[in-house]
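Summary of the model geometry
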Amino acid sequence: MRKLGIPTVLDRFVQQAVMQVLQRRWNPTFSQYSYGFRPRRSAHHAVAQAQQYIAQGNGWVIDLDLEKFFDRVNHDKLMGQIAKRIEDKRLLKLIRAFLNAGAMENGLVSPSVEGTPQGGPLSPLLSNLVLDELDRELEHRGHRFVRYADDCNIYVRSERAGQRVMESISRFITQKLKLKVNEAKSAVARPQERKFLGFSFTAGPDIKRTIAPKSLERFKQRIRETTRRAKGVSIKTTMAELAKYMCGWRGYFGFCETPEVLIALTRGVDRSHSLGPVAIAGCSLAPMENTKASPSSTHRTGRLGAIAQHGRSRPWTLAYCPEQSPLRGTPQCPLQIARSPVPDRCALA
């Protein structure tokens, strides 16, 4: 279980203020292939970029997993990188104090000698700063890569090249960044055999985004836990919980290009648990054939976006989450434009 370091109210306020100032200065200097915890970028951007690499003929992926990344960041090395960008010693002292603040667990305070505790506003920005050195090294070597936080995929054309890159990059991460590569979870394989941010890809000339098997199994397990009869709650409460989870899940994984999977999942939920009324509550994952929606609304939400306020003919359709997609109005690769994305800012449990 990964623990979160939740700052106190005052610390959170100060960290947020520092983050907003530093992010405006640092964000333009980060790699264009880094997508995690950055304004106007999302996991959908990263998946679409990976899809583009595969479509260009890069049929092998080096899937790198950093072991306990947020817990193993070297404080001295991190402060050295920050000092290259910040001259104000008062701010450097403040950031160092945040890193060394420690944590209270069961009434006991334990010091922190390494790592950036997850849960604070400043931690994601510092993690991007640490891994920016990896991004620059990959760019210098001319690799095709995409990184979202500590999930990094590098795409090459042959297995032999993948093994060579895996060995050299793992050595760079260990010796230069003072981090550790999780050899058990890292591998050189076909993209169809790996998952990236919950997605995978189909084989063949027409590369499509699909939902990874592990993500599907996790969804089914969550549905089974929510709908089990021994839970002892009313059907109304169960429907409300199910609708909330499926709305968030659908908002994220609706970015896939295999809608038949969403249709099958919806039918499976209704059939396996006899929850016909649940669909009426707005839980369906299936895409809707929206004949009443205007072209502008279709562009806003994407072909797979279900808009309840326009589609009165199907009351079981998933309620539309009003947040606009972060992909709208930002540069998109050709594969993104081919199928408009759906919002991914709904809560994903």
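This structure is a prediction, so every number in the text was calculated from the model and none was measured.

Quick notes on helix α7 (residues 159-175)
- The first and last C-alpha atoms of α7 sit 24 Å apart over 17 residues, in line with the 24 Å expected at 1.5 Å per residue.
- Listing the buried residues of α7 in full gives A161, G162, V165, M166, S168, I169, S170, F172 and I173.
- Here the buried face of α7 lies against β1 (60-65), α6 (123-141), β5 (151-156) and β6 (187-189).

A short note on unusual backbone geometry
- The backbone of R40 sits at a positive phi, close to 60°, despite the residue not being glycine.
- By the element assignment, R40 lies in the loop between α1 (9-26) and α2 (43-55).
- Given the relative accessible area of 54%, R40 is considered exposed.
- Here A149, not a glycine, exhibits a phi torsion of approximately 60°, which is positive.
- Structurally, A149 is set in the loop between β4 (144-148) and β5.

Concerning the environment of F196
- By secondary structure assignment, the location of F196 is in the loop between β6 and β7 (199-201).
- With 15 residues separating them along the chain, F196 and I211 place their C-alpha atoms 9.7 Å apart.
- The contacts of F196, once residues within four sequence positions are left out, are A46, V47, A50, V146, D151 and N153.

As for a positive patch on the surface
- There is a patch of like positive charges on the surface, built from K185, K195, K214 and R218.
- Structurally, K185 is set in the loop between α7 and β6.
- The exposed category is assigned to K185, whose relative accessible area is 52%.

Considerations on the nonpolar core
- Counting 42 residues, the largest nonpolar core has W26, L64, I82, I154 and I173 as the members making the most contacts within it.
- Listing elements by their share of this core, those giving two or more residues are α1, β1, α3 (69-72), α4 (75-83), α5 (89-99), α6, β5 and α7.
- The greatest single-element share of this core, amounting to seven residues, is contributed by α6.
- With sequence-adjacent residues up to four places away left out, L64 is seen in contact with D150, D151, C152, N153, I154, M166, I169, S170, I173, V181 and S186.
- Listed in part, the 31 residues of the second largest apolar core include A43, V61, W249 and L265.

What counts, and where the lines are drawn
Residues numbered from 1 in each chain as written. Predicted model: local features only at pLDDT ≥ 70, side-chain atom pairs only at ≥ 80, totals over all residues. Heavy atoms only, no water. Helix = DSSP H or I, 4+ residues; strand = E, 2+ residues; numbered from the N terminus. Expected span 1.5 Å × (residues − 1). Buried < 20%, exposed > 50% of the residue type's maximum accessible area, 1.4 Å probe, protein only. Contact = heavy atoms within 4.5 Å. Patch = residues over 30% accessible without salt bridge, like charges linked within 9 Å, V, L, I, M, F, W, Y side chains within 5 Å. Areas by Shrake-Rupley, 256 points an atom, 1.4 Å probe, with all protein chains shown as cover. Salt bridge = Lys/Arg side-chain N within 4 Å of Asp/Glu carboxyl O. Lys, Arg positive; Asp, Glu negative; His and termini not counted. Charge placed at Lys NZ, Arg CZ, Asp CG, Glu CD. Core = buried A, V, L, I, M, F, W, Y, C linked by side-chain atoms within 4.5 Å.

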